[in-house]
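# Architecture at a glance
Here is what each chain is made of, one letter per residue.
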Amino acid sequence: MADKVTLVGQITDLHILAEREPAYRVADTCAALEALEAYLFGLSPPLDALVMTGDLADRGEAGAYAFIAALFARWTVPVFALPGNHDSKGELRSGLGRLCPARGGADLSFSARLGDLRLVMLDTALEGRHGGNLGPAALSFLNDELSDPQGSHVIVFGHHPPFVSGLGAMDEPFAGRDRLLSALSRHPRDLTLASGHLHRPMATRLRLGGPGQILASVAPPASMPIDLDLSPQGGQRFSLGAPGFAVHRLGQGRLVTHFGSVPGAFPVSGPHAFS
């Protein structure tokens with residue numbers, strides 16, 4: 001019997017604005033998301049699920065979430081949504097409630113299972129704060145999920161990565177980082193941490209204490225990839241190009257993360273300032 005392969009897509013940093021307004025006056029984020037949705041919908045073999053890891057809207061507008069809901073209405077596989085620092089949690093729950101089945105309250109963490117793969121959607125956003133945050137409710141949720149014996153492979157999705165990237169202005173403190181790593185270290189199953197926020201694809205290994213390590217990856221953005229500037233002034237300029245995504249593949253007992261971009265001709269320009 002052939003080994004079951006599970007494919008989970010990840011998109012992040014959509015930055016949709018109502019009325020198709022361009023983000024930062026130059027980025028047609030609605031067109032980028034339309035191209036990305038069409039490409040991922042047509043993948044063969046098809047995805048088993050899709051996770052959006054935050055900054056779905058640029059200003060947290062109801063109209064932005066309505067646009068996203070309409071665009072993904074045709075999907076029959078699970079589509080999940082998490083908040084980022086640009087999102088309004090209230091508007092996200094109102095407009096995308098079926099994609100974010102959280103328990104209620106300010107913490108929008110939730111989980112799902114795909115066979116032997118557990119997807120843990122961790123809310124790392126605190127409204128009014130640009131950097132990451134792991135509050136008491138999210139920490140309690142994470143410990144409960146990782147204590148559940150069902151599912152030998154786990155992907156923990158969140159908007160903010162808990163490591164220093166070197167991208168200058170993007171490397172703000174992650175409140176509760178030590179609590180996050182401690183929680184992960186107590187559950188030594190096959191764990192992968194998948195984030196967004198940094199607008200560049202990257203990966204590193206996080207040391208959890210002792211010999212324990214996990215892979216932490218950041219997916220390419222749907223829009224506005226940040227220029228590679230690893231100086232202290234970096235992280236403040238972006239260029240236009242093809243929408244990006246990640247696909248996490250579980251097969252033969254191993255999780256492998258692929259980064260990609262939508263083929264085709266897209267406007268290319270930059271750098272532009274995030275201001």
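Higher on the page you've got the structure.
What comes next concerns the included structure. (Residues numbered from 1 in each chain as written. Predicted model: local features only at pLDDT ≥ 70, side-chain atom pairs only at ≥ 80, totals over all residues. Heavy atoms only, no water.)

By the definition in use, this model includes seven aromatic pairs. The interplanar angle of 55° and the centroid separation of 6.0 Å between the aromatic rings of Tyr24 and Phe238 together place this pair among those described as tilted. With Tyr24 in the loop between strand S1 (6-11) and helix H1 (29-41) and Phe238 in strand S10 (residues 237-240), this residue pair connects regions lying 214 residues apart in the sequence. A residue is classified by how much of its surface remains accessible, and Tyr24, at 24% relative accessible area, is partly exposed. Residues Phe238 and Phe274 carry aromatic rings whose centres are separated by 4.7 Å and whose planes lie at 45° to one another, so their mutual orientation is tilted. Placement of the pair is Phe238 in strand S10 and Phe274 in the segment after strand S13 (269-273), with a sequence separation of 36 residues. (Phe/Tyr/Trp six-rings, centres within 6.5 Å; stacked < 30°, edge-to-face > 60°. Helix = DSSP H or I, 4+ residues; strand = E, 2+ residues; numbered from the N terminus. Buried < 20%, exposed > 50% of the residue type's maximum accessible area, 1.4 Å probe, protein only.)

On to the pattern of salt bridges. One pass over the full model with this rule turns up nine salt bridges. Between Lys4 and Asp48 there is a salt bridge; the shortest N-O distance is 3.9 Å. Of the two residues, Lys4 is situated in the segment before S1 and Asp48 in the loop between H1 and strand S2 (49-53); the sequence distance between them amounts to 44 residues. Between Glu34 and Arg20 there is a salt bridge, with the nearest N and O atoms lying 2.9 Å from each other. Of this pair, Glu34 sits in helix H1 while Arg20 sits in the loop between S1 and H1, and the two are 14 residues apart along the sequence. By relative accessible area, Glu34 is classed as partly exposed at 31%. Of the residues examined, Arg20 reaches a relative accessible area of 39% and is grouped as partly exposed. Each member of the salt-bridge network shares a partner with another, and the members are Arg118, Glu145 and Asp148. (Salt bridge = Lys/Arg side-chain N within 4 Å of Asp/Glu carboxyl O.)

Let us look at the nonpolar core. As a rule of thumb, nonpolar side chains are buried together in soluble globular proteins. In terms of nonpolar packing, the biggest core is built from 48 residues, with Ile11, Ile68, Phe72 and Leu119 touching the most fellow members. Looking at this core element by element, the count peaks at five residues for helix H2 (residues 62-71). Leaving out residues up to four positions away in the same chain, Ile68 has contacts with Leu14, Ile16, Leu33, Met52, Leu56 and Leu96. (Core = buried A, V, L, I, M, F, W, Y, C linked by side-chain atoms within 4.5 Å. Contact = heavy atoms within 4.5 Å.)

Glancing now at the side chain of Asp107. Mapped onto the secondary structure, Asp107 falls in the loop between helix H3 (89-96) and strand S4 (110-114). On the basis of relative accessible area, Asp107 is assigned to the buried category, the value being 12%. In terms of polar contacts, Asp107 uses its side chain to reach the side chain of Ser109, at 2.9 Å. Setting aside residues no more than four positions away along its own chain, Asp107 makes contact with Ala102, Asp123, Ala137, Ala138 and Phe141. (Polar contact = N/O pair within 3.5 Å; in protein donor to acceptor, adjacent residues only side chain to side chain.)

Attention now goes to the packing of helix H4 (residues 136-147) against helix H5 (residues 177-185). Packing of H4 against H5 brings their axes to within 10 Å, and their N-to-C directions diverge by 10°. Judged on the interaxial angle alone, H5 and H4 are roughly parallel. Viewed along their axes, H4 and H5 form a crossing whose handedness is right-handed. Taking contact as the criterion, the partners of Leu139, Leu142, Asn143 and Leu146 in H4 are, on H5, Arg179, Leu180, Ala183 and Leu184. (Axes fitted to C-alpha atoms, helices over the stretch in contact; angles between N-to-C directions. Parallel < 35°, antiparallel > 145°, perpendicular 65-115°, else oblique. Left-handed = near helix turned anticlockwise from the far one by under 90°.)

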